[in-house]
Amino acid sequence: MLSFIMNKDLLLDIKNTKFHDLVKICTKYFGKPRIRGSHYIFKTPWQGDPRINIQKDGKMAKPYQVKIIIKAIEKMEIENEK
C-alpha cells in the first residue's frame, strides 16, 4: 500500500496526469503492456474482463482512464489484504 501512496500524487490531478507517468504506474501494478496502435493494454489478475486499456491525449492521459486505473489499483490492494 505504501508504494501506491507514493505514486498516488501522480494521479491526484486527474485532468493533468501525464500519460508517461500513467504507463509507469500501470506497468508497476499490472506488468508490461501489449501495445496495439495507440492503445496500451494491461492484464489484471481478476476474473471477468481482465484488461485495462489506456491511450494518450496529446502528452496527457485521458481523465476517465486515470479514474479506471485508480479503481483497479484500489481493488488490487483490497484483494491483497485478504
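It should be noted that the structure appears before, not after, this text.
Quick caveat, the model's predicted, so the values are computed rather than measured.

## Structural notes on the sheet that holds strand β2 (residues 39–43)
The strand order across the open sheet formed by 3 strands is β1-β2-β3, and the pairing between neighbours is antiparallel. Bordering the open sheet on either side are β1 (34–36) and β3 (51–54), each of which pairs with just one other strand. Strand after strand, the sheet turns through a mean of 25° between neighbouring axes, direction not considered. Here β1 pairs with β2 via 3 bridges, running antiparallel. Directly across from Arg36, in β2, lies its bridge partner His39. Sheet contacts for helix α2 (residues 19–30): β2 and β3; angle to β2, the most-contacted strand, approximately 20°.

## Side note on the nonpolar core
Counting 19 residues, the largest nonpolar core has Leu22, Cys26, Phe30, Phe42, Ile52, Ile54 and Ile69 as the members making the most contacts within it. The set of elements that each furnish at least two residues to this core consists of α2, β2, β3 and α3 (63–81). In terms of residue count, the dominant contributor to this core is α2 (7 residues).

## Comments concerning the pairing of β2
Following β1, the chain reverses through 2 residues before pairing antiparallel with β2; Gly37 in that reversal takes a positive phi of roughly 65°. Alignment of β2 against β3, held across 4 bridges, turns out to be antiparallel. When the sheet's bridge partners are listed, Ile41 is paired in β3 with Asn53.

Criteria and cut-off values
- Residues numbered from 1 in each chain as written.
- Predicted model: local features only at pLDDT ≥ 70, side-chain atom pairs only at ≥ 80, totals over all residues.
- Heavy atoms only, no water.
- Pairing = 2+ DSSP bridges.
- Helix = DSSP H or I, 4+ residues; strand = E, 2+ residues; numbered from the N terminus.
- Axes fitted to C-alpha atoms, helices over the stretch in contact; angles between N-to-C directions.
- Contact = heavy atoms within 4.5 Å.
- Core = buried A, V, L, I, M, F, W, Y, C linked by side-chain atoms within 4.5 Å.
- Buried < 20%, exposed > 50% of the residue type's maximum accessible area, 1.4 Å probe, protein only.

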